[in-house]
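The chain contents come next:
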Amino acid sequence: MLAILTNMLSMCIPFSVALLLASIGEMFNQRAGVFNLGCEGVMAMGAFIGMLIPFAAGGGGAVSEWYNVLGFAAAAVLGALLGLFFGVVTITFRAPQGIAGIGLQMFGVGTAGTLFRHFVGGTQSIPGIPDIEIPLLSRIPFLGDVFFSHNAVAYLAYLFIPVAWYILFKTPWGLKVRAVGTNPRAADSMGINVSRTRYEALMLGGALAGLAGAYLSIAQAKMFSDTLISGRGFIAVALVYFGHWHPLQIMGGALLFTFAQTFQTQIQSMGISFPYELAVMLPYVLVIVVLSFTSRNQTTAPTSLGKPFNREMRT
Amino acid sequence: MTRSFKIAFKIAIILIAALAAVLIASIILWMIGADVGATFYTICIVPLTNSLHLTEVLIRAIPLCIIALGITVAYRSGIINIGAEGQMAMGILAFTGVALAFPSVPRPLLLPLALIAAVIGGGIWGFIPGILKAKLNVSELLSTVMLNYIAAQFYSLCLRTIYLDPAEQGLGAAGTPQSMRLTDNVWIGRISGRLHYGLIIALVLAFLIFFLMWKTTIGFRMRAAGAEARAARYGGINVAFYVALAMVISGAFSGLAGGIEIAGVHRRAIEGVTNNYGFSGVVVALFGGLHPFGIVPASFFFGLLIYGATLAPSRVGVPANIVQVMQGVIIIVIVTAQMVLSNTYFQDRLWRRISHRMKKEA
């Protein structure tokens, strides 16, 4: 029993990274007042480009670690560009954000699929990045497996949570982001450039979503396929609600959902006669249940979430 | 401003979206080194060249049309239904369940009964996000997406267990997860080739939706709730009720589309029937200007694209995913162009300029 639990918990941290990064990115978007439902599409593009670079360099064989780094960097840049594009649509042209996000999602997933079939084709795997066993600490029974034997990116992602908290709550830029998401008119009259701040938040969010996708393809699955993302982008958006737009609570949510997902891999490997599909369903059901409990009391939500800002319009 | 000017304005928006989609798709095609002209020829022209292809286009247009009609009802009522994929799957499950349970009931009774089951199946799957939105303020965008994934898993669970064809059962894990061929008491007849009478049903439903939304009180209230919820509430309209109702109708249409697809084309429940129709339906609804009479031609156009794209891999070596790219671009451009161009100041200025010039010429 303890072995099973250790196994499930030790999967939690590495498997939660993609959700975590995408959610933190989406949190910055929403704190600035933009509801970006295209997260899924950005992740797909990030996953594709992240996998393409090490694959093209090594033809599926071993490559220098730097190509993986380059893959992550390319995914972040591409994600930021897609965030910029979404900004043009929703900030400059003030298109309705929900439906535009669906468009971005279809565009991203479709483009990633098209390019993947041409440049890679079929299921090709890449070596990915190795786990790092932290000396001494990783040899502690139980805790060593759960906390101290994962890949470098997972550690970096978790180190980013306090950084994200600091950026959002302790820096002038974070204050600007929160101001334009809460009351853009007041922020505007204080001399904050609302559009610019929203653009910056969208680019940061996009870059993080791209990184999340690249993590899935480079570190987690070590391959790309059309179903690689399978709703993680949407779950990431839901996690922001669940985490009340706060990095630490989002981390808790990401771990909870990942735990629900590891359940499914565990059932597969143990060969219990529990319907596999029900286990796959579990995280999605959990999202709906959680949203039902948290959506009503939205006192913590950014008050201008989803509302385009128009300087020339009286409200 | 005349009526014809307004209609021309709307058509202009849609043409801009189509052009942008072609442009961006061309860039991606150029990136993968495909012959751009030949690809568009394969996708848009080849399917029109013979009746066999044309039939396939129409078969795909039928579910698209019905789903888009449902999505229009929801969209006009201020709730975006992107869960048509799941609602369709639940409709198929309900339809197949009835057909498998009563194989010997005569056709005039069984076919309507099974279709009603499909409507109820889809309706329930639409009711869940509707009521969550109305009562608990849960974002319908998130809940419908999650319900899609749940329905997809539930669908394959049913196909693998209780619906599984006894002939496949013996094969164990090697068998295809599908139900047995349904009794011909639930089949929808065919006009010619594979084209079935669902086409007529879709056209009738288009008129029905036009009548419901623009000629009845219920439709007016739903549209009012969608246009400006606060004003509608002030006018004594129970907004929560009509939002939930719109979602139920929307789900019911998706479920019905699933039932008709099974009864007309596949005649057994099998994986992959939903074929992304749910998401394409959103594009069709927007492309058709959220109006039944626009949706009918729009669904034909997207039936063409979707079928044309299935020809593309073998003929010009372009992945079928290119259609998804175009659909995404079309959504983004339509909503953006609507926002920019429906600016009343802009519209007014354009109208004045045009009418001024027309007077001068006269």
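Everything quoted here is computed from the prediction, not taken from an experiment.

Chemist: Explain the overall build of chain A residue by residue, including any values.
Modeler: Counting its regular elements, chain A contains twelve helices and two strands. Helices and strands in chain A line up, N terminus first, as α-α-α-α-β-α-β-α-α-α-α-α-α-α. The C-alpha radius of gyration of chain A comes to 20 Å, within 12% of the 20 Å expected for a compact globule of 315 residues. Its C-alpha atoms give chain A principal-axis dimensions of roughly 60 × 40 × 40 Å. Within the span of chain A, comprising 315 residues, buried residues form 51% of the whole. Partitioning the intrachain contacts of chain A with sequence separation of at least 6 by distance along the chain shows that 79% fall at a separation of at least 24.

Chemist: Which residues make up the overall build of chain B, and what are the values?
Modeler: For chain B, the helix and strand inventory stands at 15 helices and two strands. On C-alpha atoms alone, chain B measures out to a radius of gyration of 22 Å, which is about the 21 Å that the 2.2 N^0.38 rule sets for 362 residues. Considered along the principal axes of its C-alpha atoms, chain B spans approximately 80 × 60 × 35 Å. Each of the 362 residues in chain B was classed as buried or not, and the buried ones make up 51%. Sequence separation of at least 24 residues holds for 77% of the intrachain contacts in chain B that already meet a minimum separation of 6.

Chemist: Describe the nonpolar core, with residues and values.
Modeler: Judged by nonpolar contacts, the single largest core of 222 residues is most densely connected at Leu21, Ala47, Phe48 and Tyr215 of chain A together with Ile66 and Ile331 of chain B. With residues up to four places along the chain from it excluded, the contact list for Leu21 of chain A reads Ala157, Leu208, Leu211, Ala212 and Tyr215 of chain A.

Chemist: If you had to explain the packing of helix α1 (residues 2-31) of chain A against helix α9 (residues 194-220) of chain A to someone new, which residues and values would you point to?
Modeler: All names here are of chain A. Between α1 and α9, the least distance of the axes is 7 Å, while the angle of their chain directions is 170°. Considering their axes alone, α1 and α9 lie roughly antiparallel with respect to each other. Residue-level inspection shows Pro14, Phe15, Val17, Ala18, Leu21, Ala22, Ile24, Gly25, Glu26, Phe28, Asn29 and Arg31 of α1 in contact with α9, the latter providing Ala201, Leu202, Leu204, Gly205, Gly206, Leu208, Ala209, Leu211, Ala212, Tyr215, Leu216 and Gln220. Broken down by class, the residue content of the contact of α1 with α9 amounts to 17 nonpolar, five polar and two charged.

Chemist: Got a sec to walk through the confidence of the model for chain B? Specific residues and values, please.
Modeler: Averaged over every residue, the pLDDT of chain B is 90; residues scoring 70 or more account for 98%. Scoring the predicted complex yields pTM 0.91 and, for the interface, ipTM 0.89.

Chemist: Break down the packing of helix α8 (residues 198-215) of chain B against helix α9 (residues 217-227) of chain B for me, with residues and values.
Modeler: Residue and element names in this part refer to chain B. At a closest axis distance of 5 Å, the pairing of α8 and α9 adopts a crossing angle of 70°. As the angle between them shows, α8 and α9 are arranged roughly perpendicular. The segment α8 lies against α9, with Leu212, Met213, Trp214 and Lys215 engaging Ile218, Gly219, Met222 and Arg223. Its residues assigned to classes, the contact of α8 with α9 shows five nonpolar, one polar and two charged.

Chemist: Lay out unusual backbone geometry in plain terms, naming residues and giving numbers.
Modeler: A positive phi angle is found at Ser230 of chain A, which is not glycine, with a value near 35°. Structurally, Ser230 of chain A is set in the loop between α9 and α10 (232-242). Its 15 C-beta neighbours within 10 Å are what place Ser230 of chain A among the partly exposed residues. At Asn276 of chain B, a position not held by glycine, the phi torsion is positive, near 65°. One can find Asn276 of chain B in the loop between α11 (239-266) and α12 (277-287). Using a count of 14 C-beta atoms within 10 Å as the deciding quantity, one classes Asn276 of chain B as partly exposed.

Chemist: Hey, could you go over the interface of chain B and chain A for me, with residue numbers and the actual values?
Modeler: Listed per partner, the contact involves 36 residues of chain B and 39 residues of chain A. Sorting elements by how many residues they give to the side of chain B that touches chain A places helix α14 (residues 322-341) of chain B first, with twelve residues. Of the residues assigned to the side of chain B that touches chain A, the class counts are 26 nonpolar, ten polar and no charged.

Chemist: A description of the environment of Phe309 of chain A should follow, citing residues and the corresponding values.
Modeler: All names here are of chain A. Relative to the helices and strands, Phe309 is located in the segment after α12 (276-294). When the C-alpha atoms of Phe309 and Pro283 are compared, they prove to be 35 Å apart, with 26 residues separating the residues in sequence. Aside from chain neighbours lying at most four places away, what touches Phe309 is Pro184 and Val194.

Chemist: Talk me through helix α2 (residues 36-45) of chain B; I want residue IDs and the actual numbers.
Modeler: Residues and elements named next belong to chain B. Along α2, the residues that are buried comprise Thr39, Thr42 and Ile43. Angularly, the buried residues of α2 cover 90° about the axis, an arc narrow enough to put them on a single face. Among the exposed residues of α2, those pointing more than 90 degrees away from its buried face are Gly37 and Ile45. Packing partners of the buried residues in α2 comprise α1 (3-31) and α13 (292-316).

Chemist: Give me the lowdown on α9 of chain B, citing residues and values where you can.
Modeler: Among the residues of α9 of chain B, Gly219, Arg221, Met222, Ala224, Ala225 and Gly226 of chain B are the ones counted as buried. Among the structural elements, α3 (51-76), α8, α10 (229-234) and α11 of chain B are those in contact with the buried residues of α9 of chain B.

Chemist: Now, about the environment of Phe15 of chain A: what can you tell me, with residues and values included?
Modeler: Residues and elements named next belong to chain A. Note that Phe15 resides in helix α1. Under the C-beta neighbour-count criterion, Phe15 is labelled buried, with 22 such atoms within 10 Å. Sequence spacing of Phe15 and Leu175 is 160 residues, and the spatial spacing of their C-alpha atoms is 31 Å.

Chemist: I'd like to hear about the environment of Ile260 of chain B, residue by residue, with values.
Modeler: Residues and elements named next belong to chain B. Among the secondary structure elements, Ile260 is positioned in helix α11. Separated by 145 residues in sequence, Ile260 and Leu115 have C-alpha atoms that sit 7.4 Å apart. For Ile260, the contacting residues outside a window of four places in its chain are Ile62, Ile66, Ile188, Gly198 and Ile201.

How each quantity is defined
Within each chain, residue numbers correspond to sequence positions counted from 1 in written order. Each chain is given a letter, starting from A, and each ligand a number, starting from 1, according to the order in which they appear as written. Per-residue local features are limited, in this predicted model, to residues with pLDDT of at least 70; the limit for side-chain atom pairs, both in listing and counting, is 80 or more; totals at the level of whole chains, interfaces and linings are taken over all residues. Under the DSSP-based scheme used, a helix requires at least four consecutive residues in state H or I and a strand at least two consecutive residues in state E, with every element numbered from the N terminus. This radius of gyration counts C-alpha atoms alone. The globule rule is 2.2 Å times how many residues there are, raised to the power 0.38. Counts of 20 or more other C-beta atoms within 10 Å of a residue's own C-beta define buried residues, counts of 12 or fewer define exposed ones, and intermediate counts define partly exposed ones; C-beta atoms are placed from the backbone. Note on contacts: residues are paired as contacts if their backbone-placed C-beta atoms lie within 7 Å. Joined through C-beta atoms within 7 Å, a set of buried Ala, Val, Leu, Ile, Met, Phe, Trp, Tyr and Cys residues constitutes a nonpolar core. Helix axes use the C-alpha atoms of the stretch in contact, all axes being lines fitted to C-alpha atoms, and the angles between their N-to-C directions lie in the range 0 to 180 degrees. Here is the rule for angles: anything less than 35 degrees is roughly parallel, anything more than 145 is roughly antiparallel, 65 through 115 is roughly perpendicular, and the remaining ranges are oblique. Basically, the charged four are Asp, Glu, Lys and Arg, the nonpolar ten are Ala, Val, Leu, Ile, Met, Phe, Trp, Tyr, Cys and Pro, and anything else, Gly included, counts as polar. Per-residue confidence from the prediction method is given by pLDDT, with values spanning 0 to 100. This arc is built from the directions going out from the helix axis to the C-beta atoms.

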